Amino acid sequence: MEMIMCFLDEHSSALTVIVTAIYTLTTIAILLANRKSAKAAKEQVLEMQRQFAENCRARIEVEVIFERRCFYGLRFVNNGMLTAQNVRISFEQSFIDSIEESSFAGNLAKQKDKTCIIGTDQHYDIFIGTSKYRQNPNKVPAQGTVYYNSNGTEYNTVIYVDMENYATFYSITSEEEDIRNETKAQTSALINIDNSICKLIEEIQKGQ
């Protein structure tokens, strides 16, 4: 025991330095680990905020419509969770030049100077032609870009719709068409009833 005590007394300074060094290294290691953990937590929070902002924003998507079985158009739908502000639709000049019906081509060209607001689950329609458009041998894919603002951030959606290979069409009938179809159906039913009554009367008269 005395030998140990003597050894410690003789080397107390060296032992103090060693203990201090070990403590310092341990403290540095803990600080580095905490710093790394804090950085990872901060990155995780930032990623969660980014995902939240991405999910909770306006989101403009493009569909093709065929309205009243006569007019072809592009429907710009806001499928996001916020209103799309300052919506501006710019079509490629090659697409505009391919439109043979001048009134529709002119309207497409004017869109780049217009802005609108599209609310959640709301839409904005732009018509590109009548049934003649489908028959146009020189038509090219509808191309362009939709620019819009959502919660202070600028977004854009690229437009590329190849009408030759577009599988889904949304055919929308007007209220007048619905009423006219219902009237036709009712008239047809009344005619059938009238014919049946006439035949029944003829059979009764023959039986007398």
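Note that this is a predicted model, so its numbers are computed, not measured.

Thresholds, definitions, all that
Residues numbered from 1 in each chain as written. Predicted model: local features only at pLDDT ≥ 70, side-chain atom pairs only at ≥ 80, totals over all residues. Heavy atoms only, no water. Helix = DSSP H or I, 4+ residues; strand = E, 2+ residues; numbered from the N terminus. Buried < 20%, exposed > 50% of the residue type's maximum accessible area, 1.4 Å probe, protein only. Contact = heavy atoms within 4.5 Å. Areas by Shrake-Rupley, 256 points an atom, 1.4 Å probe, with all protein chains shown as cover. Core = buried A, V, L, I, M, F, W, Y, C linked by side-chain atoms within 4.5 Å. Salt bridge = Lys/Arg side-chain N within 4 Å of Asp/Glu carboxyl O. Polar contact = N/O pair within 3.5 Å; in protein donor to acceptor, adjacent residues only side chain to side chain.

*Asks:* For this particular structure, what's the right way to read the overall build of the protein?
*Replies:* Broken down by element type, the protein carries six helices and eight strands. Listing the helices and strands of the protein from first to last along the sequence gives α-α-β-β-β-α-α-β-β-α-β-β-β-α. Counting only residues that meet the buried cut, the protein has 25% of its 208 residues in that class. Contacts in the protein between residues at least 24 apart in sequence constitute 67% of all its contacts with a sequence separation of at least 6. When the accessible surface of the protein is split by element, carbon and sulfur atoms take 55% of a total near 14,800 Å².

*Asks:* Is there a simple way to think about the nonpolar core in this case?
*Replies:* For soluble globular proteins, the rule of thumb is that nonpolar side chains tend to be buried together. Ranked by internal contacts, the top residues of the largest apolar core, which has 28 residues, are Phe-76 and Phe-91. Taken together, the elements giving at least two residues each to this core come down to β1 (60-67), β2 (71-78), β3 (84-91), α3 (93-98), α4 (102-110), β5 (123-129), β6 (142-150) and β7 (153-161). Sort the elements by how many residues they give to this core and β3 lands first, with four residues. Filtering out sequence-adjacent residues up to four positions away, Phe-76 remains in contact with Ile-60, Glu-61, Val-62, Ile-89, Phe-91, Ile-118, Gln-122, His-123, Tyr-124, Ile-126, Val-146 and Ile-159.

*Asks:* Would you explain the pattern of salt bridges in this entry?
*Replies:* Taken as a whole and judged by the stated rule, the model has one salt bridge. Arg-75 is the salt-bridge partner of Asp-125, the closest N and O atoms lying 2.8 Å from each other. On the criterion of sequence distance, the pair formed by Asp-125 in strand β5 and Arg-75 in strand β2 is long-range, its members being 50 residues apart.

*Asks:* I tried to follow the side chain of Asn-78 on my own but got confused; where do I start?
*Replies:* Relative to the helices and strands, Asn-78 resides in strand β2. Asn-78 gets classed as buried once you look at its relative accessible area, which sits at 0%. There is a polar contact of 3.0 Å between the side chain of Asn-78 and the backbone nitrogen of Gly-80. Residues contacting Asn-78, with those up to four places away along its chain left out, are Ala-58, Arg-59, Ile-60, Thr-83, Ala-84, Ile-118, Gly-119, Thr-120, Asp-121 and Gln-122.

*Asks:* I would appreciate a short explanation of unusual backbone geometry in the present structure.
*Replies:* Residues apart from glycine generally show negative phi values, whereas peptide bonds are mostly found in trans. Despite not being glycine, Asn-86 has its phi angle at roughly 50°, a positive value. Mapped onto the fold, Asn-86 is located in strand β3.

*Asks:* Got a minute to help me understand the environment of Asp-113 in this structure?
*Replies:* With respect to the secondary-structure elements, Asp-113 resides in the loop between α4 and β4 (116-118). Spatially, the C-alpha atoms of Asp-113 and Ser-90 are 8.3 Å apart, while their sequence positions differ by 23 residues.

That's the geometry; what it means functionally is another story.
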